[in-house]
Amino acid sequence: MTTLDAIARPSGAFAMVAMDQRESLRHMFDVAGRGRPADDVLIDFKVAVAETLGPYASGFLADHQFGFDQVRAALPESAGLILAVDALDQADGGPVEDTDLDEAALSDIPEQVTGLKLLLIWRRDERREARVELASRFIETARANGVLSVLEPVVRAAPGEADFDPDAAIREAARELAALHPDLYKSQVPLAGAGDEAQQRAASAELNRCMTGPWVVLSQGVERDRFADAVRAACLEGASGFLAGRALWSDVVGTSDVRGELRARSIDRLTALGDIVDETARPWHEA
């Protein structure tokens, strides 16, 4: 059975790159003024990120829809490969509304894959119990295939829900879903990375009390220049690292020299974050 060492640094912390964005990545190109790109443009971007950042990442998250074989070939053996197996309900340019297991991705898991990831949209609505069941089924599927389960709940307000508190929802989701014991829980950053260090650490400590195993933070919704501080605060209060995409490469989307800009901007960000988790994160085997 694969252990979390497959996607961890020697310190037992995680410094992982997310490159499983699909239609949201196409939308990012559009927002950057490059129009809605063809699939080959998305694939080239993903391969460039794998080639450039893969050597500095303990793990790398990819999707099977856009260039999986090319991304896999571009990654060094040192970066544990995680396959996204979430089928996304997402309109063009809009957020992911719901997810399910992607049976096509699960039908033939390549040998190089060390873990699977499921994005789960968490709401207080009539499908709440069904989503818990989906998360449980995902964890069991990963276990049956001898690979790791990485569960990524993202909280949203239910239709008509008044006074929605995202941080309270993040904690409630963690209490409900971490109890299913995925190998790794991928959480939104408390306070969306806002607030001073004391506030960020206090919110991270509250979230840590909801966890039942190792957890990492994602970067979506956090200002890029605040992500490093958010990672440090979370790790000082019990997190084991990060699995992030936008904080590393979002400002490279749409540039004319993707590989050059990744070398100029993103490598330093990733290596600095790696130093932070080595210094502050709780090793996964101690969680």
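Before reading on, note that the structure itself is shown above.
Please read all numbers here as calculations on a predicted model, not as lab measurements.

J.: Would you explain the overall build of the protein chain in this entry?
T.: Counting its secondary structure elements, the protein chain contains 10 helices and 10 strands. The C-alpha atoms of the protein chain give a radius of gyration of 17 Å, which matches the 19 Å a tight globule of 287 residues would have. In terms of overall dimensions, the protein chain has C-alpha extents of about 45 × 40 × 40 Å along its principal axes. Taken across its 287 residues, the protein chain has 55% of its residues classed as buried. A sequence separation of at least 24 residues applies to 69% of the contacts in the protein chain between residues at least 6 apart. As displayed, the protein chain offers around 11800 Å² of accessible surface, 45% of which is attributable to carbon and sulfur atoms. The average position of the 30 basic charges and that of the 49 acidic charges among the side chains of the protein chain differ by 2 Å.

J.: Looking at this model, I keep getting lost on the packing of helix α5 (residues 128-144) against helix α6 (residues 166-177). Mind explaining?
T.: In a pair of packed helices, the angle between the axes and the distance between the axes together describe the arrangement. Packing of α5 against α6 leaves a shortest axis separation of 11 Å and a crossing angle of 55 degrees. It follows from the interaxial angle that α5 and α6 lie oblique. In this structure, α5 meets α6 at a crossing whose hand is right-handed. Taking contact as the criterion, the partners of Arg128, Val132 and Ala135 in α5 are, on α6, Glu172, Glu176 and Leu177. Tallied by class, residues from the contact of α5 with α6 come to three nonpolar, no polar and three charged.

J.: Even after reading the chapter, I still don't get the pairing of strand β7 (residues 148-155), so can you show me in this structure?
T.: Residues in a regular strand point their side chains to alternate faces of the sheet. Counting buried residues in β7 gives eight out of eight residues, a clear majority hidden from the surface. Residues of β7 alternate between two faces, with Leu148, Val150, Glu152 and Val154 on one and Ser149, Leu151, Pro153 and Val155 on the opposite face, all of them buried. Where strand β6 (residues 113-122) and β7 come together, eight bridges link them in parallel fashion. Along β7, the bridge assignment pairs leucine 116 with serine 149. Handedness of the crossover joining β6 and β7 through α5: right-handed. Between β7 and its parallel partner strand β8 (residues 184-187), the chain crosses via α6, and the hand of that crossover is right-handed.

J.: What's the story with the pattern of salt bridges in this structure? I'm lost.
T.: In a structure, side chains of opposite charge can pair up when their charged atoms sit close to one another. Applying the stated criterion across every chain yields a total of 31 salt bridges. With a shortest N-O distance of 3.8 Å, aspartate 20 and arginine 22 are connected by a salt bridge. A residue is classified by how much of its surface remains accessible, and aspartate 20, at 8% relative accessible area, is buried. Between arginine 224 and aspartate 251 there is a salt bridge whose closest N-O contact spans 3.8 Å.

J.: I tried to follow the environment of alanine 104 on my own but got confused; where do I start?
T.: Here alanine 104 is to be found in helix α4 (residues 103-107). The exposure class assigned to alanine 104 is exposed, which follows from its relative accessible area of 51%. Separated by 64 residues in the primary sequence, alanine 104 and alanine 168 have C-alpha atoms spaced 35 Å apart.

Cut-offs applied
- Residues numbered from 1 in each chain as written.
- Predicted model: local features only at pLDDT ≥ 70, side-chain atom pairs only at ≥ 80, totals over all residues.
- Heavy atoms only, no water.
- Helix = DSSP H or I, 4+ residues; strand = E, 2+ residues; numbered from the N terminus.
- Rg over C-alpha atoms; globule rule 2.2 N^0.38 Å.
- Buried < 20%, exposed > 50% of the residue type's maximum accessible area, 1.4 Å probe, protein only.
- Contact = heavy atoms within 4.5 Å.
- Areas by Shrake-Rupley, 256 points an atom, 1.4 Å probe, with all protein chains shown as cover.
- Lys, Arg positive; Asp, Glu negative; His and termini not counted.
- Charge placed at Lys NZ, Arg CZ, Asp CG, Glu CD.
- Axes fitted to C-alpha atoms, helices over the stretch in contact; angles between N-to-C directions.
- Parallel < 35°, antiparallel > 145°, perpendicular 65-115°, else oblique.
- Left-handed = near helix turned anticlockwise from the far one by under 90°.
- Nonpolar A, V, L, I, M, F, W, Y, C, P; charged D, E, K, R; others polar.
- Pairing = 2+ DSSP bridges.
- Right-handed = clockwise from strand over helix to strand, strands pointing away.
- Salt bridge = Lys/Arg side-chain N within 4 Å of Asp/Glu carboxyl O.

Read these as geometric descriptors, not functional statements.
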